[in-house]
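Listed below are the residues making up each chain.
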Amino acid sequence: MSQFELSMQIADNANLHPQRDAVFNTDAARQARRFHRTLAGYQPTPMYALDDFARLLGIHKVLVKDESQRFELNAFKMLGGTWAMAQLLCKIWKMDINTFSFDDFRKQNREQLTFATTTDGNHGRGVAWAAKALGQKAVIYMPKGSAAARVKHITDLGAECIVTEMNYDDTVRLTLQHAQQNGWHMVQDTAWEGYEEVPTWIMHGYSTLADEAAEQIAEMGCGAPTHVFLQAGVGAMAGGVLGYLVDRYGPGALHAIVVEPDRADCMYRSGVKGSLVNVGGEMNTIMAGLACGEPNPLGWPLLRDNVNQFISCEDRVAALGMRVLGNPAGNDARIISGESGAVGMGVLAAILHHPQRQALMDKLKLTPQSRVLIISTEGDTDPQHYREVVWEGKDGISH
């Protein structure tokens, strides 16, 4: 097997203090999942055991949850947007969330509201989908350089889409300004002072996938995961999912690793410092869904307490993960994973080929008994770019 070295900075978390979280836990996840079950077409996304790859790496299991098959939206993000919008409508119209359904609400023909958000693609697509299903309006803002395919996914659902000349975090601020001016309702997956309720609901919505995953792993009978790789943009998915897993399996039972692109590694830098660190600039990375420079403060305390290691990696790691998942070893399932979805698998593949493979295995505490859970959070949400990576060998974006 060939050897090559990809850049991955791995930082141990000096603030590790495993503990359950009062807000992000199994109860919150199961309430959200009860709602998601009411959506037409709901079914758990598949979980695949990549046993041939696991044998190559020398560990027991590699388990990949494939979120490309979520409601034909090709990504997990709608889990957060739908739950938050349901909660928001119940608050506005004084309805019971436990009996709320999209179908019933649409039949009531209430006054149309407008929902606004900033997105790198997948979250906005989920909000647009939910707004259409609810008979509401959506205005979606996207940062500079957003792919035309991702814009079209949103406008095809009837939403207005505005691409700015700003980075993600500055676009969030612009969206907030316009929402306040126009009386729109923000559905954003990050938080700031005075805006915490909606992003909390969004994180709860994301944890539906964790409840599904734990259920599927139990059905497989292969034992609870020992490791979980979670990619981070603002850290909302990582926090929501890890909160569930820590509550379900117990504090300290899982070796949790958060992975980010090196051009937008706010969580990595926060983990090194022990407090929140923002990253600015262009953040040019192929991992568009992770190109966020300001961490979600709601998820940070949980991540600070429960993440064992933070990894900042170059784009080639994600590109490698896309190729390995799309061209699997032996009889492993083929998984179409996008740039942000594949980075966890990319880390494992980069270790497999690394000249210091055993040292990296030791550092991440990967042993022949390890059972690793990875969330492939998106499919080929930018089909042209997916082909450029897996067919043409594209590895990144120039500075």
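Quick caveat: nothing in here was measured; it's all calculated off a predicted structure. (Residues numbered from 1 in each chain as written. Predicted model: local features only at pLDDT ≥ 70, side-chain atom pairs only at ≥ 80, totals over all residues. Heavy atoms only, no water.)

1. Some words on the packing of aromatic side chains
Phase 1: In total, this model carries nine aromatic pairs according to the counting rule given.
Phase 2: When the ring of Phe 71 is compared with that of Trp 129, the centres are 5.4 Å apart and the planes differ by 55°; the resulting orientation is tilted. Of this pair, Phe 71 sits in the loop between strand S3 (61-66) and helix H3 (78-93) while Trp 129 sits in helix H5 (residues 122-134); the two residues are 58 residues apart in sequence, bridging distant segments of the chain. Here Phe 71 matches Trp 129 in class, with each residue buried.
Phase 3: Each residue in the set Phe 35, Trp 83, Phe 100, Phe 102 and Phe 105 is aromatic and connected to the rest through ring pairs, giving one cluster. (Phe/Tyr/Trp six-rings, centres within 6.5 Å; stacked < 30°, edge-to-face > 60°. Helix = DSSP H or I, 4+ residues; strand = E, 2+ residues; numbered from the N terminus. Buried < 20%, exposed > 50% of the residue type's maximum accessible area, 1.4 Å probe, protein only.)

2. Side note on H3
Phase 1: In a regular helix each residue adds 1.5 Å, so 16 residues correspond to 22 Å; H3 covers 22 Å between its end C-alpha atoms and thus fits that length.
Phase 2: In terms of burial, H3 is largely enclosed, as 13 of its 16 residues are buried. (Expected span 1.5 Å × (residues − 1).)

3. A word on the side chain of Gln 87
Phase 1: If you trace the backbone, Gln 87 turns up in helix H3.
Phase 2: What makes Gln 87 buried here is its relative accessible area of 13%.
Phase 3: In contact with Gln 87, other than residues within four places in its own chain, are Ile 97 and Trp 201. (Contact = heavy atoms within 4.5 Å.)

4. What to know about the pattern of salt bridges
Phase 1: One pass over the full model with this rule turns up 22 salt bridges.
Phase 2: A salt bridge links Arg 173 to Glu 294; its shortest N-O distance comes to 2.9 Å. Linking Arg 173 in helix H7 (residues 168-182) with Glu 294 in the loop between helix H11 (266-273) and helix H12 (300-306), this pair joins segments that are 121 residues apart in sequence.
Phase 3: Residue class for Glu 294 comes out partly exposed when judged on its relative accessible area of 21%.
Phase 4: Residues joined in a network through salt bridges with shared partners are Arg 30, Arg 33, Asp 211 and Glu 215. (Salt bridge = Lys/Arg side-chain N within 4 Å of Asp/Glu carboxyl O.)

5. Quick notes on the nonpolar core
Phase 1: Residues Phe 100, Phe 102, Trp 129, Val 187, Leu 242 and Leu 303 are the most contacted members of the largest nonpolar core, which totals 86 residues.
Phase 2: Looking at this core element by element, the count peaks at nine residues for H3.
Phase 3: Among the domains, domain 1 (8-75 + 198-392) and domain 2 (77-194) are the pair contributing at least three residues each to this core.
Phase 4: With residues near it in sequence (within four places) discarded, Phe 100 still touches Phe 35, Thr 38, Ala 86, Leu 89, Cys 90, Met 95, Phe 105 and Leu 134.
Phase 5: Membership of the second largest hydrophobic core comes to 44 residues, among which are Leu 6, Met 8, Val 259 and Ala 319. (Core = buried A, V, L, I, M, F, W, Y, C linked by side-chain atoms within 4.5 Å. Domains from an automatic or database assignment.)

6. Describing the side chain of Ser 270
Phase 1: Position of Ser 270 relative to the elements: it lies in helix H11.
Phase 2: In this structure the side chain of Ser 270 is engaged in a polar contact, spanning 2.7 Å, whose partner is the backbone oxygen of Cys 266.
Phase 3: Excluding residues within four positions of it along the chain, Ser 270 makes contact with Ser 275, Leu 276, Val 277, Pro 295 and Trp 300. (Polar contact = N/O pair within 3.5 Å; in protein donor to acceptor, adjacent residues only side chain to side chain.)

7. Examining the sheet that holds strand S8 (residues 227-231)
Phase 1: Strand order in the open sheet made by the seven strands is S1-S10-S9-S8-S11-S3-S2, with mixed pairing throughout. Here the strands that pair on one side only, and so sit at the sheet edges, are strand S1 (8-12) and strand S2 (47-49). Averaged over all pairs of adjacent strands, the angle between strand axes in this sheet comes to 20°, irrespective of strand direction.
Phase 2: Alignment of S8 against strand S9 (residues 255-261), held across five bridges, turns out to be parallel. By the bridge assignment, Val 228 is partnered in S9 with Ala 256.
Phase 3: Contacts from H11 reach S1, S9 and strand S10 (309-313) within the one sheet, and its direction differs from that of S10 by about 135°. (Pairing = 2+ DSSP bridges. Axes fitted to C-alpha atoms, helices over the stretch in contact; angles between N-to-C directions.)

8. Digging into unusual backbone geometry
Phase 1: The phi torsion at Phe 71 lies on the positive side, around 50°, for a residue other than glycine.
Phase 2: Backbone geometry at Asn 109 places phi at a positive 50°, although glycine is not the residue there.
Phase 3: Along the chain, Asn 109 turns up in the loop between helix H4 (102-107) and strand S4 (114-118).
Phase 4: Looking at Asn 109, the relative accessible area reads 68%, which means it is exposed.

9. Some points on the pairing of S8
Phase 1: Among the five residues of S8, five are classified as buried, and the element is accordingly described as predominantly covered.
Phase 2: Burial along S8 is two-sided: the face carrying His 227, Phe 229 and Gln 231 and the face carrying Val 228 and Leu 230 are both buried.
Phase 3: Regarding topology, helix H10 (residues 236-249) serves as the crossover connection from S8 to the parallel S9, and that connection is right-handed.
Phase 4: The pairing of S8 with strand S11 (residues 371-376) spans three bridges and is classified as parallel. The residue bridging Phe 229 from the neighbouring strand is Ile 374, located in S11. (Right-handed = clockwise from strand over helix to strand, strands pointing away.)

10. Some points on the domain arrangement of the protein chain
Phase 1: Per the domain assignment, the segments of the protein chain are domain 1 (8-75 + 198-392) and domain 2 (77-194).
Phase 2: With centres defined by C-alpha atoms, the gap from domain 1 to domain 2 works out at 24 Å.
Phase 3: At the interface, 43 residues of domain 1 touch 35 residues of domain 2.
Phase 4: Note on domain 1 versus domain 2: buried area summed over both sides is about 3300 Å², and carbon and sulfur give 62% of it.
Phase 5: The three residues of domain 1 that bury the most area against domain 2 are Phe 35, Leu 73 and Trp 201, which together make up 21% of that side's buried surface.
Phase 6: For the interface between domain 1 and domain 2, the tally reads three salt bridges.
Phase 7: Summed over the shared surface of domain 1 and domain 2, the number is 13 residue pairs in polar contact (both at pLDDT 80 or more). (Buried area = accessible area lost by both parts, 1.4 Å probe.)

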